[in-house]
Amino acid sequence: MPPLPGPALVARRRRIALVLLQIGGPDRLEAVGPFLRNFFSDPEIIRLPRLPRAVVARLIARRRTPVATGIYRQLGGASPILAQTRAQGRAVAARLGDLGEVRSFVAMRYWHPFAAETAAELKAWRPDEIVLLPLYPQYSTTTTRSALTDWAAAARAAGLSAPTRVVEAAPTESGFIAAQSELIRRAWPPYGGRHRLLFTAHGLPLPIVQAGDPYPDQVRASAEAVVAALGIPGLDWRIAFQSRVTPQEWLTPDTEEEVKQAGHDGVGLVLVPIAFVSEHSETLVELDIEYRAVAEAAGVPSFIRVPTVGVHPAYIAGLAAQVRKALGAAPLKKAA
């Protein structure tokens with residue numbers, strides 16, 4: 001009697017690695033200095049040849065470390081951005097289960113987990129496809145391009161060969177705009193009085209903008225889309241830029257000056273961090289503590305800060321839709 005056939009082989013579901021790219025943040029107070037050195041060593045941030053850039057990076061980091069350490073001490077000694085990014089990754093992956101086995105990973109630009117660490121994880125997991133998801137709603141050479149360049153080098157070094165696709169920056173993506181609009185409506189004061197909607201974004205040095213960086217135009221596109229979605233007749237709104245870190249000329253108007261202007265104009269403020277999707281030092285300390293103190297000193301009648309989009313369902317749905325679209329596109333050519 002011939003032997004019975006063995007159990008049917010079950011085909012392995014395709015493995016999709018979703019890699020979220022973010023700026024990162026120190027995970028303890030002792031990491032603040034190294035984090036800052038990594039940040040200012042980025043050739044997209046300090047555009048000097050390698051050796052002078054290294055000198056400048058050390059000098060700026062040394063000067064800023066005491067202040068930055070005080071900022072992170074107010075956050076309990078560490079940045080919350082890694083935990084939030086992991087939560088965003090899990091939420092997006094949960095919406096993509098029909099595509100195969102989707103696992104989210106995080107690669108931070110300036111602190112752990114670095115791209116090299118994450119690329120090693122992917123190498124061990126052996127994905128069939130990789131989707132890179134930069135968590136920067138508006139494209140900038142200093143954020144999106146820097147992160148993608150960093151990942152490409154790490155992937156080459158790790159020997160990753162799976163087809164890789166990139167989710168492009170989408171400053172007016174419907175899920176992102178819907179999430180921002182809903183959070184603004186939720187925060188808008190129910191009481192009377194005139195209020196100004198102030199969109200605030202991380203600034204850029206003017207030389208980078210003059211070199212063709214599209215970031216300020218994309219920030220404006222995001223703000224205009226949110227204003228259109230709100231549909232409030234005669235809405236008083238403005239855009240400003242925060243977080244200057246070098247002595248160069250930066251994008252204007254400056255957020256702090258706009259906060260003072262609101263006091264001069266006698267209007268309340270509703271601040272929207274339009275370029276940040278996670279809470280971190282620039283929202284939890286710079287906006288919530290430092291600019292609130294400026295507002296109080298300037299006599300601003302009321303000061304409301306809208307939360308970042310985080311894991312808002314509309315934002316997560318929008319990210320998932322972008323990943324699906326990327327997976328339907330042709331694979332990127334492997335870097336030489």
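Everything numeric in this text was worked out from a predicted model, so none of it was measured.

Assigned secondary structure in the protein consists of 11 helices and 8 strands. Taking 2.2 N^0.38 as the reference for a compact globule, 336 residues should give roughly 20 Å; the C-alpha atoms of the protein span a radius of gyration of 22 Å, in line with that estimate. Overall, the C-alpha framework of the protein stretches about 95 × 50 × 40 Å when taken along its three principal axes. Within the span of the protein, comprising 336 residues, buried residues form 52% of the whole. Surface exposure of the protein reaches about 15,600 Å², of which carbon and sulfur atoms provide 58%. Side chains of the protein give 38 positive and 30 negative charges; the mean places of these two sets differ by 7 Å.

Now for the pattern of salt bridges. Opposite charge on two side chains permits pairing when their charged atoms draw close. Enumeration over the complete set of coordinates arrives at 21 salt bridges. With its nearest N and O atoms 2.9 Å apart, the salt bridge here joins Arg165 to Glu129. Of this pair, Arg165 sits in strand S4 (residues 164-166) while Glu129 sits in strand S3 (residues 129-134), and the two are 36 residues apart along the sequence. Both residues of the pair, Arg165 and Glu129, belong to the buried class. Between Glu256 and Lys260 there is a salt bridge, with the nearest N and O atoms lying 3.7 Å from each other. On the criterion of helical spacing, the pair formed by Glu256 and Lys260 is a turn pair, its members being 4 residues apart in helix H9 (residues 255-265). Through salt bridges with shared partners, a single network forms among Arg194, Arg196, Asp236 and Asp265.

Here the focus is the UniProt feature "binding site: Fe(2+)" (unreviewed entry) in the protein. The sites that UniProt annotates as "binding site: Fe(2+)" (unreviewed entry) are His202 and Glu282. Look at the named residues: they lie 81 residues apart in sequence, but the longest C-alpha span between them is just 8.4 Å, so in the fold they bunch up. Within the secondary structure, His202 sits in strand S5 (residues 195-202). Not counting the four nearest positions on each side in its chain, His202 is found in contact with Tyr215, Phe241, Gln242, Ser243, Trp250, Ala275, Phe276 and Glu282. Position of Glu282 relative to the elements: it lies in helix H10 (residues 281-298).

Next up on the list: the side chain of His280. When you line up the elements, His280 lands in the loop between strand S7 (268-273) and H10. In terms of polar contacts, His280 uses its side chain to reach the backbone carbonyl oxygen of Ser278, at 3.0 Å. A polar atom in the side chain of His280 sits 2.8 Å from the side chain of Glu282. In contact with His280, other than residues within four places in its own chain, are Leu75, Ser79, Pro80, Ile81 and Val285.

A word on the sheet that holds strand S1 (residues 15-22). A sheet is described by the order of its strands in space; here 4 strands give the open sequence S2-S1-S3-S4, paired in parallel fashion. Looking at strand neighbours, the two that pair on one side only are strand S2 (101-108) and S4, the edges of this open sheet. Going from strand to strand, the sheet's axes swing by 25° on average, the running direction of each strand aside. Here 8 bridges tie S1 to S2, and the two strands are oriented parallel to one another. Across the sheet, the residue bridging to Val19 is Phe105, located in S2. Contacts between helix H4 (residues 115-125) and the sheet are confined to S1, S2 and S3, with S2 contributing the most and set at about 160° to the helix.

Cut-offs and rules
Each chain carries its own residue numbering, running from 1 in the direction its sequence is written. It should be noted that, the model being predicted, local features are given only for residues of pLDDT at least 70 and side-chain atom pairs only at 80 or more, the latter also being counted only at that level, while totals for whole chains, interfaces and linings use all residues. To obtain the side-chain values, all non-hydrogen atoms of the structure were included, while hydrogens and water were left out. Working definition: helices are DSSP H or I runs of at least four residues, strands are E runs of at least two. Numbering for both runs from the N terminus. Radius of gyration here is computed from C-alpha atoms only, and the compact-globule reference equals 2.2 Å multiplied by the residue count raised to the power 0.38. Buried means the residue's accessible area, taken with a 1.4 Å probe over protein chains only, is under 20% of the maximum for its type, while exposed means over 50%, and partly exposed covers the values in between. For the accessible areas, the method is Shrake-Rupley and the probe is 1.4 Å, while residue cover comes only from the protein chains on display. In this tally, Lys and Arg are treated as positive and Asp and Glu as negative; His is ignored, and so are the chain termini. In plain terms, the charge of a residue is placed at NZ if it is Lys, CZ if Arg, CG if Asp and CD if Glu. A pairing counts as a salt bridge when a side-chain nitrogen of Lys or Arg comes within 4 Å of a carboxyl oxygen of Asp or Glu. UniProt positions are given in the numbering used here, feature names are shortened, and annotations may be inferred rather than shown by experiment. Residues count as neighbours in contact if any of their non-hydrogen atoms are within 4.5 Å of one another. Pairs of N or O atoms within 3.5 Å make up the polar contacts considered here, provided that, within protein, one atom can donate a hydrogen while the other can accept it, and that residues adjacent in sequence are counted only when both atoms are side-chain atoms. Strand pairing is defined by DSSP finding a minimum of two bridges between the two strands. Fitting a line to C-alpha atoms yields each axis, with helices limited to the stretch in contact; the angle taken between N-to-C directions then spans 0 to 180 degrees.

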